[in-house]
Amino acid sequence: DQQVKQNSPSLSVQEGRISILNCDYTNSMFDYFLWYKKYPAEGPTFLISISSIKDKNEDGRFTVFLNKSAKHLSLHIVPSQPGDSAVYFCAASARGQNFVFGPGTRLSVLP
Amino acid sequence: NAGVMQNPRHLVRRRGQEARLRCSPMKGHSHVYWYRQLPEEGLKFMVYLQKENIIDESGMPKERFSAEFPKEGPSILRIQQVVRGDSAAYFCASSNLQGGNQPQHFGDGTRLSIL
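Here goes a summary of the coordinates provided. (Residues numbered from 1 in each chain as written. Chains lettered and ligands numbered in written order. Predicted model: local features only at pLDDT ≥ 70, side-chain atom pairs only at ≥ 80, totals over all residues. Heavy atoms only, no water.)

1. Focus: the sheet that holds strand β7 (residues 65-68) of chain B
Residues and elements named next belong to chain B. Threshold: Whether two strands pair depends on DSSP finding at least two bridges between them. Put simply, DSSP H or I for four residues or longer makes a helix, DSSP E for two residues or longer makes a strand, and each gets a number counted from the N terminus. Between N-to-C directions, angles cover 0 to 180 degrees, with each direction set by a line fitted to C-alpha atoms, over the stretch in contact for helices.
The antiparallel open sheet is built from 4 strands, whose spatial order is β1-β3-β8-β7. Either end of the sheet is taken by a strand with one partner, and the two such strands are β1 (5-7) and β7. Ignoring strand direction, the axes of neighbouring strands in this sheet form an average angle of 15°. Examined bridge by bridge, β7 and strand β8 (residues 75-79) share 4 bridges and lie antiparallel to one another.

2. Description of the packing of aromatic side chains
Threshold: Paired rings are identified among Phe, Tyr and Trp, the last through its six-membered ring, by centres lying within 6.5 Å, and are further divided according to the angle between planes into stacked (under 30 degrees), edge-to-face (over 60) and tilted (the rest). Residue burial is assigned from relative accessible area. The probe radius is 1.4 Å, only protein chains are included, and a residue is buried under 20% of its type maximum, exposed over 50%, and partly exposed in between.
According to the stated counting rule, one finds 12 aromatic pairs over all chains in the structure shown. Their ring planes at 10° and their centres at 4.6 Å tell us that Tyr 33 of chain B and Tyr 48 of chain B sit as a pair that is stacked. With Tyr 33 of chain B in strand β4 (residues 31-37) and Tyr 48 of chain B in strand β5 (residues 43-50), the pair connects residues that are 15 residues apart, well separated along the chain. Taking relative accessible area as the criterion, Tyr 33 of chain B reaches 3% and is therefore assigned buried. On the basis of relative accessibility, which here comes to 7%, the residue Tyr 48 of chain B falls in the buried class. Put simply, the rings of Tyr 36, Phe 46 and Phe 101 of chain A together with Tyr 35, Phe 45 and Phe 106 of chain B touch in pairs and so form one group of aromatic residues.

3. Some thoughts on the interface of chain A and chain B
When the parts come together, some accessible area is lost, and that loss is often what is quoted as the size of the interface. Put simply, the rule is: Contacts are assigned to residue pairs that have any heavy atoms within 4.5 Å of one another. When two parts are brought into contact, each loses some accessible area as probed by a 1.4 Å sphere; the total of that loss over both is the buried area. Should a side-chain nitrogen of Lys or Arg be within 4 Å of a carboxyl oxygen of Asp or Glu, the pair is scored as a salt bridge. Pairs of N or O atoms within 3.5 Å make up the polar contacts considered here, provided that, within protein, one atom can donate a hydrogen while the other can accept it, and that residues adjacent in sequence are counted only when both atoms are side-chain atoms. Each residue is assigned to one of three groups, with Ala, Val, Leu, Ile, Met, Phe, Trp, Tyr, Cys and Pro labelled nonpolar, Asp, Glu, Lys and Arg labelled charged, and all others, Gly among them, labelled polar.
Tallying the contact residues gives 18 residues for chain A and 19 residues for chain B. Surface buried jointly by chain A and chain B totals about 1500 Å² across both partners, of which 54% is contributed by carbon and sulfur atoms. Together, Asn 98, Phe 99 and Phe 101 of chain A form the three largest contributors to the area buried by chain A at its contact with chain B, with a combined 33%. Where chain A packs against chain B, one counts 0 salt bridges. Taken together, the links from chain A to chain B amount to 4 residue pairs in polar contact (both at pLDDT 80 or more). Sorting the residues of the side of chain A that touches chain B by element identifies β4 (32-38) and β9 (86-93) of chain A as the ones contributing at least two each. The element that contributes the greatest number of residues to the side of chain A that touches chain B is β4 of chain A, accounting for 4 residues. Across the side of chain A that touches chain B, the residue classes tally to 10 nonpolar, 5 polar and 3 charged.

By themselves, these observations are geometric and do not establish any function.
This is the structure:
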């Protein structure tokens, strides 16, 4: 049973436009959410996180939105750049327990 | 380099051999996590360790797999009598959980290939 889902395996966006990556979860005990970016042959790199007491967190071009009632979070990247092309993983944890990762979405930013 | 260091980056073993994967956490981090990633899949949690203690091994296969994080030296993930299905990328992450939820920081992984 997948507790963290990323239903879009891939996404293509034009350079300069907004990229929106989505993530859904089923465990209502999750209280901490993160996004990681991964390039081929490298480890995941932490991008941004959000606690369940917030509904938005922003860091430069990256903004994460959390909708607890819908058990949904999204990552917005604006403006998108070719260097953003990577696989993006959503992850969640409950009360400091281990992270559960989604299967990832491959983002391609086209020049 | 103060990041999470994993070695080797690539490891080739024949069926039945042993594989040892090493992970040195970021400086100041005392919590280590091991994950496995199969092709086209996400990261699957395997084990969580602190110095000299296994905290959670709920993701570890019951047989052939073991992990340790000794008082001195790196964390070791050990796979005995490897089989073809063990071929995967194994990632280590570390964190400092002081002060509440903290992100985990990952190494670049060890790619294990079983011949």
